Amino acid sequence: MSPKAPITQDVLTLPRKLPEGKINLVGLTRDQLRAVLIEHGTPEKQAKMRTGQIWQWIYQWGVRDFAEMTNLAKAYRAQLAENFVIEIPEVVTRQVSEDGTRKYLCRIAGGHEVEVVYIPEEDRGTLCISSQVGCTLTCSFCHTGTQKLVRNLTAAEIVGQIMMARDDLDEWPTPGAPKDETRLLSNIVLMGMGEPLYNFENVRDAMKIAMDPEGISLSRRRITLSTSGVVPEIARTAEEIGCLLAISFHATTDETRDVLVPINKRWNIEELLQALASYPNASNSERITFEYVMLDGVNDSDEDAHRLIDHIKRYNIPAKINLIPFNEWPGAPYKRSSNNRIRAFANIIYHAGYASPIRKTRGEDIMAACGQLKSATERARKSRKQIEAETGLSR
Ligand code: SAH
Ligand code: SF4
């Protein structure tokens, strides 16, 4: 961690309260949207068309005010405004790192906070989004893991993070303007706070919305979901989301992985490898990313590198190995492996025929790097009832 202060830190508007009794249209699937429109007076015969129109306004043009939906009759727009809102998470602070990385602290219903990180690169821009406030898992090297799970994010709060970033990057197209193919926000990684496969339905619905061609329209190949290894949900990820998969592997023996990634006690390395080997999308062009955090003296030996390759080869998994220099956080019980050690480890993997990029650490000066995210909300897990009251949703 560098002690340098961030270049900018804006404190933006305070959160608006969700107007009582109104339904947020963000995060609903097309079917759900159609159903709430009918429930609130849209004639059934028109519902499909209205759903398409409203969908485009929200997700293609980034409109938040029904009054701007100019292809709808004035009276109908007023009726919509009476019953619905288009709400996304509120940005509380925005920090911009020396390297251009942006970290947003967003407030969601109930006063909770999640962090979202935007990482600009030469040929792409990646948004790292969160799926939960806190995490139920307790990976010993992860800052988020020291925070209890507060609650799952709703689909609205997940896709809302993408919409929030597009607002900040000023990247909504204007009707009639030529299509800009080089997007500032071109890729999504579900690598922020939380375990996405423990919030499967909301993550799936949000990603489906992000992929919808009449909206944000991100290709499934530009979305990567990272999991610590929730084995029973891996096949479903391919079937129901279809995005790329990254796996927090981090250790080559069960003994070490049990400590680093404790979910390994539930589903061990063999079970995980079996699930990965049958990930139906895995092919040479859509390889599975093995994330491997480099911890000094813990998992970074030459033997580890060889064992890692053996595991992948034994199951014939099309893979690339992403080496992540450990990002330290206050009180962390580990140290980052030396650059020489990381390079030596990478070389062994490379010579075995696998890509072994070393992840560049981004946004460290603002604690935006992998595993450094942790919001200040340190509340205990909420009851189902409290969550329903907060989000207005019953799942
Ligand atoms: N819960 C999911 C996704 C979020 S973590 C998962 O575990 O995969 C995103 C990535 O950052 C994971 O590979 C995680 O292991 C890694 N990570 C966590 N803490 C880290 C740290 N302090 N330094 C480097 N990488 C870290
Ligand atoms: Fe949770 Fe992932 Fe951190 Fe593990 S690494 S505690 S699964 S966020």
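Quick note: structure is the one above.
A brief look at the structure comes next.

What follows deals with the overall build of the chain. When its secondary structure is counted, the chain shows 11 helices and 14 strands. The buried share of the chain, taken over its 395 residues, is 54%. Counting only contacts in the chain whose residues sit at least 6 apart along the sequence, the fraction spanning at least 24 positions is 68%. For the chain, the accessible surface area stands at approximately 17,900 Å², while carbon and sulfur atoms represent 50% of it.

Next up on the list: the pairing of strand β13 (residues 288-294). Within β13, 7 of the 7 residues are buried, leaving the element largely enclosed by the surrounding structure. Burial along β13 is two-sided: I288, F290, Y292 and M294 facing one way and T289, E291 and V293 facing the other are all buried. Of the pairings in the sheet, the one linking strand β12 (residues 244-248) to β13 comprises 3 bridges and is parallel in character. Across the sheet, residue A246 finds its bridge partner in β13, namely T289. Pairing of β13 with strand β14 (residues 319-325) involves 7 bridges; the strand directions are parallel. Counterpart to T289 in the pairing with β14 is K320. With helix α9 (residues 302-314) bridging β13 and its parallel neighbour β14, the resulting β-α-β unit is right-handed.

This structure, assessed with the given rule, holds 4 aromatic pairs. Arranged with centres 6.2 Å apart and planes meeting at 90 degrees, the rings of F326 and Y334 form a pair that is edge-to-face. Judged by relative accessible area, which is 15%, Y334 ranks as buried. Between R50 and the ring centre of Y76, over which it is positioned, the NZ or CZ distance is 5.5 Å. It is R257 that lies over the ring of F249; its NZ or CZ is 5.5 Å from the centre.

One non-glycine residue, D170, adopts positive backbone phi at about 55 degrees. Position of D170 relative to the elements: it lies in the loop between α4 (155-169) and β10 (187-190). Positive phi outside glycine occurs at N316, with the angle close to 55 degrees. For N316, the position within the fold is in the loop between α9 and β14. Judged by relative accessible area, N316 falls into the exposed class, the value being 66%.

Right, let's get into α4. Here α4 spans 22 Å end to end across 15 residues, near enough to the 21 Å set by a 1.5 Å rise per residue. Most pronounced at Q161, the bend in α4 amounts to some 30 degrees. The buried count for α4 comes to 13 of 15 residues, which makes it a mostly enclosed element. Taken from the residues just after α4, D170 is the one with a positive phi, measuring 55 degrees.

We now examine the pattern of salt bridges. Per the stated rule, a full pass over the model turns up 19 salt bridges. Here R30 makes a salt bridge to E214, at a shortest N to O gap of 3.7 Å. In this pair, R30 sits in helix α1 (residues 30-39) while E214 sits in the loop between α5 (200-211) and β11 (223-227), placing the two residues 184 residues apart along the sequence. Residue classification places R30 among the partly exposed residues on the basis of a relative accessible area of 28%. Across the salt bridge formed by E113 and R107, the nearest N and O atoms sit 3.3 Å from each other. Here the salt bridges share partners, and the residues they tie into one network are E201, R204, D205, E233, R236 and E240.

Our next topic: the pairing of strand β6 (residues 112-120). Two faces belong to every sheet, and in a regular strand the side chains alternate between them. Burial of β6 is extensive: 8 of the 9 residues sit out of reach of the surface. Sheet topology places strand β5 (residues 102-108) next to β6; 7 bridges connect them, and they run antiparallel. Within β6, the residue paired with R102 across the bridge is Y118. What sits between the antiparallel neighbours β5 and β6 is a turn of 3 residues, in which G110 has the positive phi angle 90 degrees. Here β6 runs beside strand β7 (residues 125-128); their pairing, made up of 4 bridges, is antiparallel. Its bridge partner being in β7, I119 is matched across the sheet by T126. Between β6 and β7, which pair antiparallel in sequence order, lie 4 residues.

Rules and cut-offs
Residues numbered from 1 in each chain as written. Chains lettered and ligands numbered in written order. Predicted model: local features only at pLDDT ≥ 70, side-chain atom pairs only at ≥ 80, totals over all residues. Heavy atoms only, no water. Helix = DSSP H or I, 4+ residues; strand = E, 2+ residues; numbered from the N terminus. Buried < 20%, exposed > 50% of the residue type's maximum accessible area, 1.4 Å probe, protein only. Contact = heavy atoms within 4.5 Å. Areas by Shrake-Rupley, 256 points an atom, 1.4 Å probe, with all protein chains shown as cover. Pairing = 2+ DSSP bridges. Right-handed = clockwise from strand over helix to strand, strands pointing away. Phe/Tyr/Trp six-rings, centres within 6.5 Å; stacked < 30°, edge-to-face > 60°. Lys NZ or Arg CZ within 6 Å of the ring centre and 35° of its normal. Expected span 1.5 Å × (residues − 1). Bend = angle between axes of the 7 residues up to and from the residue. Salt bridge = Lys/Arg side-chain N within 4 Å of Asp/Glu carboxyl O.

Coordinates in, geometry out; function isn't part of it.
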